[in-house]
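In case you want the letters, here they are:
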Amino acid sequence: MALTRLPSLNALRCFEAAARSGSFSRAAAELNVTQSAVSHQVRQLEEWFGITLFDRLGRQTIPTAKGQDLARSLAEAFDIMAAACRRLQNSDTGPALTIAALPSFATIWLIPRLSEFFRAHPDVSVKIVYAFAGQKLDFEEVDIAVLWGAGEWEGCRSTRLLPGSTVPICNPIYLEKEGPFDAPPAILGKPLLHDTDRLDWQNWMRHAGLKHAGPSPGPIFQDFNLLRAAALAGQGIALCPRSLIADDLASGRLVQLFDIAIKQDYAYSIIEPGSGRRSEALDTFKDWLLTTARGP
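Let me sum up the structure you'll find in this document. (Residues numbered from 1 in each chain as written. Predicted model: local features only at pLDDT ≥ 70, side-chain atom pairs only at ≥ 80, totals over all residues. Heavy atoms only, no water.)

Some words on the overall build of the chain
Summing up its helical and strand segments, the chain has ten helices and twelve strands in all. The C-alpha radius of gyration computed for the chain amounts to 25 Å, which surpasses the reference 19 Å derived for 296 residues by more than 25%, pointing to a less compact arrangement than a globule. With respect to the principal axes defined by its C-alpha atoms, the chain has extents near 80 × 50 × 30 Å. Burial analysis of the chain (296 residues in total) assigns 41% to the buried set. Across the chain, the fraction of contacts at a sequence separation of at least 24, relative to all contacts at a separation of at least 6, is 74%. In the chain, the 30 positive side-chain charges and the 32 negative ones have mean positions that sit 3 Å from each other. (Helix = DSSP H or I, 4+ residues; strand = E, 2+ residues; numbered from the N terminus. Rg over C-alpha atoms; globule rule 2.2 N^0.38 Å. Buried < 20%, exposed > 50% of the residue type's maximum accessible area, 1.4 Å probe, protein only. Contact = heavy atoms within 4.5 Å. Lys, Arg positive; Asp, Glu negative; His and termini not counted. Charge placed at Lys NZ, Arg CZ, Asp CG, Glu CD.)

Digging into unusual backbone geometry
For the peptide bond that leads from Gly179 to Pro180, omega is 0 degrees, which places it in the cis range. When you line up the elements, Pro180 lands in the loop between α6 (172-178) and β8 (192-195). One non-glycine residue with positive phi stands out, namely Asn32, at about 60 degrees. Residue placement: Asn32 occurs in the loop between α2 (24-31) and α3 (35-49).

Focus on the pairing of strand β7 (residues 166-170)
With five of five residues buried, β7 lies mostly within the body of the structure. Side chains of β7 alternate between two faces, with Thr166, Pro168 and Cys170 and Val167 and Ile169 buried alike. Two elements, β7 and strand β10 (residues 237-241), share four bridges in a ladder whose sense is antiparallel. The residue of β10 that forms the bridge with Thr166 is Pro241. (Pairing = 2+ DSSP bridges.)

Brief notes about the sheet that holds β8
An order of β9-β8-β10-β7-β11 is seen for the five strands of this open sheet, with the pairing classed as mixed. Two strands bound the open sheet, and with one partner strand each, they are β9 (220-221) and β11 (255-256). Looking at chain direction, β8 and β9 are connected through two bridges and run parallel. Residue pairing in the sheet places His194 in a bridge with Ile220 of β9. Contacts from helix α7 (residues 199-207) reach β7, β8 and β10 within the one sheet, and its direction differs from that of β10 by about 90 degrees. Along the sheet, helix α8 (residues 224-232) contacts β7, β8, β9 and β10; its crossing angle with β10, the most-contacted strand, is approximately 130 degrees. (Axes fitted to C-alpha atoms, helices over the stretch in contact; angles between N-to-C directions.)

Topic: the nonpolar core
Phe105, Leu110, Leu137, Leu161, Ile169, Phe285 and Leu289 are the most contacted members of the largest nonpolar core, which totals 46 residues. Per-element tally for this core: the top contributor is helix α5 (residues 103-120), with seven residues. In this structure, Cys14, Ala27, Leu53 and Phe54 belong to the second largest nonpolar core, which totals 20 residues. (Core = buried A, V, L, I, M, F, W, Y, C linked by side-chain atoms within 4.5 Å.)

Some points on a negative patch on the surface
A cluster of acidic side chains, namely Glu76, Asp79, Asp138, Glu140 and Glu141, defines a negative patch on the protein surface. Within the element layout of this structure, Asp79 appears in helix α4 (residues 65-90). (Patch = residues over 30% accessible without salt bridge, like charges linked within 9 Å, V, L, I, M, F, W, Y side chains within 5 Å. Areas by Shrake-Rupley, 256 points an atom, 1.4 Å probe, with all protein chains shown as cover. Salt bridge = Lys/Arg side-chain N within 4 Å of Asp/Glu carboxyl O.)

As for the sheet that holds strand β6 (residues 156-163)
In spatial order, the strands read β4-β3-β5-β12-β6; together these five strands make up an open sheet with mixed pairing. Edge positions in the sheet fall to β4 (125-130) and β6, since each of these pairs with one other strand and no more. The mean angle between the axes of side-by-side strands here comes to 25 degrees, regardless of whether they run parallel or antiparallel. Relative to β4, α5 is tilted by about 175 degrees, and along the sheet it contacts β3 (96-101), β4, β5 (144-149), β6 and β12 (267-273).

Looking at the environment of Tyr268
When you line up the elements, Tyr268 lands in strand β12. Since its relative accessible area comes to 3%, Tyr268 is described here as buried. Each C-alpha atom, one on Tyr268 and one on Thr34, is 38 Å from the other, the two residues being 234 residues apart in sequence. Among residues more than four places away in sequence, those in contact with Tyr268 are Leu102, Ser104, Phe105, Val146, Leu147, Trp148, Thr159, Arg160, Leu161, Leu162, Pro241 and Leu244.

Quick word on the side chain of Asp200
The topology assignment puts Asp200 in helix α7. A polar atom in the side chain of Asp200 sits 3.2 Å from the side chain of Lys263. Residues within four places of Asp200 in sequence aside, it is in contact with Leu239, Ile262 and Lys263. (Polar contact = N/O pair within 3.5 Å; in protein donor to acceptor, adjacent residues only side chain to side chain.)

A few points about helix α1 (residues 9-21)
Since the α-helix turns once every 3.6 residues, residues separated by three or four places project in the same direction. Taking 1.5 Å per residue as the helical rise, α1 with its 13 residues ought to reach 18 Å, and the 18 Å between its terminal C-alpha atoms agrees with that figure. For α1, the complete set of buried residues consists of Ala11, Leu12, Cys14, Phe15, Glu16, Ala17, Ala18, Ala19 and Ser21. Two to three positions downstream of the cap, the backbone nitrogen of Asn10 sits 3.2 Å from a side-chain oxygen, assigning the N-cap of α1 to Ser8. (Expected span 1.5 Å × (residues − 1).)

Written out as structure tokens, the structure reads:
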């Protein structure tokens, strides 16, 4: 039996993205095309059907009732196609997992330990992608994530993986050159390395009883990987989650100066969708993460 003739798949993709996002410009950004290309494809689709799919109110483009119905059906169809492609892609490589992780966690903790997982579970294929602070997770594309925070993630299940207790550390050569730091006041006036902003050091100083300390000198680094690199290079004293740099402390690459800690209610946590698909591979990887974090 001949297949029913369909409109352009590109036109359908552009229309669905525009209807879902509520914007031709956002649809263009998602599909990596120009806004005029999206408009052109939508016009072609309207001509093919012979109906209007969007009400254009100034800069707003709102799907008509028939447009909304088509968008819902297309979203379901694209989900089915995506699932079919994933099944085919994974058919020869075994179960596949996509793990989203903060760049610092992935670089410092996860990747150095992944070979242990591969040896134990050679049948599971793993893809690591970045998760960034404030970025919403798409659990259609990601199976599990590891994020940093103190609270609940809306609509998700979270399991604490590594404690967030954060302490002052530095390079041992820097300690020998600038120390000794036998009490918290000894660090005043020394270069302090900051992660994102200066608030953590201000908080630590309050915990250390340095209530009248002035603004902390030293550079600000946008990413924790950069902060750690600066500390390893001996550029100053940094505040770091003890659990994340445990290998650096154990090897002597970094040394902890004081036991005074902040962010003890924070953690690196495993984040999963609140409901939906589960798999044996996903459960295996989660169990491995938790077992590895507990240590021997």
